[in-house]
Amino acid sequence: MQYSVGVEYAFHSLFYLVDLPEQKTIGIREIARLHGITETYLSKIFAKLRKASVVRSIAGVKGGYELAKRAEDISFWDIIEAIEGPSHLFRCAEIRKKNIFATDPRNYTDKCPCLIKVVIHEAEELMRDKLRKRSLRWLYGQAQKDFSAEKKKAIAGWLNKV
């Protein structure tokens, strides 16, 4: 089980949008440069985040992106689902219906679901619940605790320039 690198790029990029002053946005170019990634790839990630209402884009000369809602209202799961989609990690192919010992494949219905699928989907839901309980605000606060005063000042200076 593995999420795409797009999830990591999304989290690291959204981090810098958390405490932007009102009317302030950051462009894709600046965020891409910050992380050393391509604008093209980051644009695709932000398109997914925009579609999921995690960010909104502001047009114009001073345009860019800002959070579409408060950082405390954006969960880890919101971000992951925006990038990866809502589907389950495990997709049951129902191979039991083709088993040579299956006397009547019609017996394998929603009333008698695959036990493997049930257990794995339950585990996935527990993971999703945990991810729903952590917010972008929480991440920002936790990370900020470990930043030196010098690093905080450097970030603030970068945000003022972009």
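Residues numbered from 1 in each chain as written. Predicted model: local features only at pLDDT ≥ 70, side-chain atom pairs only at ≥ 80, totals over all residues. Heavy atoms only, no water.

**Q** In this structure, what is going on with the overall build of the protein chain? I would like to understand it.
**A** A count of helical and extended segments in the protein chain gives seven helices and two strands. Reading the helices (α) and strands (β) of the protein chain from amino to carboxyl end gives α-α-α-β-β-α-α-α-α. Since a compact globule built from 162 residues should have a radius of gyration of about 15 Å, the 21 Å found for the protein chain marks it as more spread out than a globular shape. Along the first, second and third principal axes, the C-alpha atoms of the protein chain reach 70 × 35 × 25 Å. (Helix = DSSP H or I, 4+ residues; strand = E, 2+ residues; numbered from the N terminus. Rg over C-alpha atoms; globule rule 2.2 N^0.38 Å.)

**Q** Help me understand helix 5 (residues 115-132), please; the structure alone is not making it clear to me.
**A** Every α-helix winds through 3.6 residues per turn, so residues three or four apart in the chain are directed the same way. Here helix 5 spans 26 Å end to end across 18 residues, near enough to the 26 Å set by a 1.5 Å rise per residue. Taken residue by residue, helix 5 has His-121, Glu-124, Arg-128 and Leu-131 as its buried positions. The buried residues of helix 5 all sit within an arc of 70° when viewed along its axis, so they share a single face. Those residues of helix 5 that are exposed and aimed more than 90 degrees away from the buried face are Leu-115, Leu-126 and Lys-130. Those residues of helix 5 hidden inside the fold are in contact with helix 4 (76-84). (Expected span 1.5 Å × (residues − 1). Buried < 20%, exposed > 50% of the residue type's maximum accessible area, 1.4 Å probe, protein only. Arc of directions from axis to C-beta. Contact = heavy atoms within 4.5 Å.)

**Q** When you look at the pattern of salt bridges in this model, what are you seeing that I'm missing?
**A** All chains considered together, the criterion is met by nine salt bridges. Salt-bridge contacts for Glu-39 lead to Arg-29; the nearest nitrogen and oxygen are separated by 3.4 Å. One end of the pair, Glu-39, is in helix 3 (residues 39-51); the other, Arg-29, is in helix 2 (residues 28-35), with 10 residues separating them in the sequence. The class for Glu-39 is partly exposed, based on a relative accessible area of 36%. Across the salt bridge formed by Glu-72 and Arg-70, the nearest N and O atoms sit 3.4 Å from each other. Bridged by salt links that share partners, the residues Asp-19, Arg-70, Glu-72, Asp-73 and Arg-137 form one connected network. (Salt bridge = Lys/Arg side-chain N within 4 Å of Asp/Glu carboxyl O.)

**Q** Hey, could you run me through the packing of helix 1 (residues 5-15) against helix 3 in this one?
**A** Each pair of packed helices can be summarised by the angle the axes make with each other and by the distance between the axes. Following both chains from N to C, one finds helix 1 and helix 3 inclined at 80°, their axes separated by 10 Å at the closest point. The angle between helix 1 and helix 3 places the two elements in the roughly perpendicular class. Of the residues in helix 3, those touching helix 1 at Val-5, Gly-6, Tyr-9, Ala-10, Ser-13 and Leu-14 are Tyr-41, Leu-42, Ile-45, Phe-46 and Leu-49. Each residue belonging to the contact of helix 1 with helix 3 can be placed in one class, and the counts come to nine nonpolar, two polar and no charged. (Axes fitted to C-alpha atoms, helices over the stretch in contact; angles between N-to-C directions. Parallel < 35°, antiparallel > 145°, perpendicular 65-115°, else oblique. Nonpolar A, V, L, I, M, F, W, Y, C, P; charged D, E, K, R; others polar.)

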